[in-house]
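Breakdown of the fold
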Amino acid sequence: AQKITQTQPGMFVQEKEAVTLDCTYDTSDPSYGLFWYKQPSSGEMIFLIYQGSYDQQNATEGRYSLNFQKARKSANLVISASQLGDSAMYFCAMRGPAGGGNKLTFGTGTQLKVEL
Amino acid sequence: GAGVSQTPSNKVTEKGKYVELRCDPISGHTALYWYRQSLGQGPEFLIYFQGTGAADDSGLPNDRFFAVRPEGSVSTLKIQRTERGDSAVYLCASSLKGTAAGGITDTQYFGPGTRLTVL
């Protein structure tokens, strides 16, 4: 069975600083996809970034980058130059295995608070 | 373009009643998913449609839960004999293809959810 672990229930960061949100995963399948979503207080899940298990380079998307360490089974999200609007819940999720459907398995999330 | 829409945004019902939750996916997306998010938790998978058929319903908690997608677009999640434990936010998502090998092109995009409260 697939599992996502997010060990930081809450994180604080000062505006304009960088922050890393941790995510580890467990799967026996060689093919999988990793996602990060942002969930503001409004409730909608917003897609941020994707990393495929066979991708050679770490994914980047604007101020978001994914520190993918396959051997350690970690996929940490790095947010650079934090903004007040980044305050939200962040979820790491995994899709797979291939042939086993397309459902996402989510972690329990990290609540990020950006302070002035 | 329009995103995933869900109605109603909030639903309050009494224990034992029947409810229907509607999801309208992104136009052209063939795959549709339902998830349930309890307070303080990440979303949990319920069911996945590829076109009109349920490709994976392994996440439905029991036979009180049922979902349909008769024309391959709009989907309805139906809950019979609601219980207080069914209270949660029900999220719908859609993706272009619905294949695990789809890569980033098969990202799931979520709607705003329906908050169900069973009294």
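Here, every reference points to the structure presented above.
Predicted, not measured: the structure shown is a model, and the values here were computed from it. (Residues numbered from 1 in each chain as written. Chains lettered and ligands numbered in written order. Predicted model: local features only at pLDDT ≥ 70, side-chain atom pairs only at ≥ 80, totals over all residues. Heavy atoms only, no water.)

1. Regarding unusual backbone geometry
Residue P8(B) follows T7(B) across a cis peptide bond; omega there is -10°. Along the polypeptide, P8(B) turns up in the loop between β1 (5-7) and β2 (10-13). Unlike most non-glycine residues, K73(A) shows phi in positive territory, near 55°. Mapping K73(A) onto the fold places it in the loop between β8 (64-69) and β9 (74-79). A positive phi is found at A81(A), a non-glycine position, where the angle reads about 45°. Looking at A81(A), the relative accessible area reads 37%, which means it is partly exposed. (Helix = DSSP H or I, 4+ residues; strand = E, 2+ residues; numbered from the N terminus. Buried < 20%, exposed > 50% of the residue type's maximum accessible area, 1.4 Å probe, protein only.)

2. Some remarks on the layout of surface pockets
As a volume, the largest pocket reaches approximately 520 Å³. Along the walls of the largest pocket sit 26 residues, with Q39(A), G43(A), Q37(B), V89(B) and R115(B) positioned nearest its centre. The class makeup of the residues in the lining of the largest pocket is nine nonpolar, 16 polar and one charged. (1 Å grid on protein atoms, 1.4 Å probe; cavity = no way out; pocket = protein on both sides within 12 Å on 5 of 7 lines; lining within 4 Å. Points joined across faces, edges and corners; volume = space filled by probe spheres on them. Nonpolar A, V, L, I, M, F, W, Y, C, P; charged D, E, K, R; others polar.)

3. What about the nonpolar core?
With 24 residues, the main nonpolar core has Y25(A), L34(A), W36(A), I49(A), L77(A) and Y90(A) as its most contacted residues. Of all the secondary-structure elements, those providing two or more residues to this core are β3 (19-21), β5 (33-39), β6 (46-52), β8, β9, β10 (88-95) and β12 (110-115) of chain A. In terms of residue count, the dominant contributor to this core is β10(A) (four residues). Within the second largest apolar cluster, 20 residues are counted, among which are V4(B), C23(B), F65(B) and I79(B). (Core = buried A, V, L, I, M, F, W, Y, C linked by side-chain atoms within 4.5 Å.)

4. What about the packing of aromatic side chains?
Scanning the model with the defined rule gives 14 aromatic pairs over all chains in all. Ring plane angle 85° and centroid distance 5.3 Å describe the contact between Y37(A) and F110(B), whose orientation is recorded as edge-to-face. Highlighted residues: Y37(A) in strand β5 and F110(B) in strand β10 (residues 109-110), drawn from two different chains. We note that Y37(A), like F110(B), is buried. Judged by centre distance (5.9 Å) and plane angle (75°), the rings of Y35(B) and F45(B) are edge-to-face. In this pair, Y35(B) is assigned in strand β4 (residues 31-37) and F45(B) in strand β5 (residues 44-50), connecting sequence segments 10 residues apart. Ring pairing ties together the aromatic residues F35(A), Y37(A), F47(A), Y50(A), F91(A), F106(A), Y35(B), F45(B), Y109(B) and F110(B), which thus form one cluster. Sitting above the plane of the Y64(A) ring, R63(A) keeps its charged end 5.7 Å from the centroid. (Phe/Tyr/Trp six-rings, centres within 6.5 Å; stacked < 30°, edge-to-face > 60°. Lys NZ or Arg CZ within 6 Å of the ring centre and 35° of its normal.)

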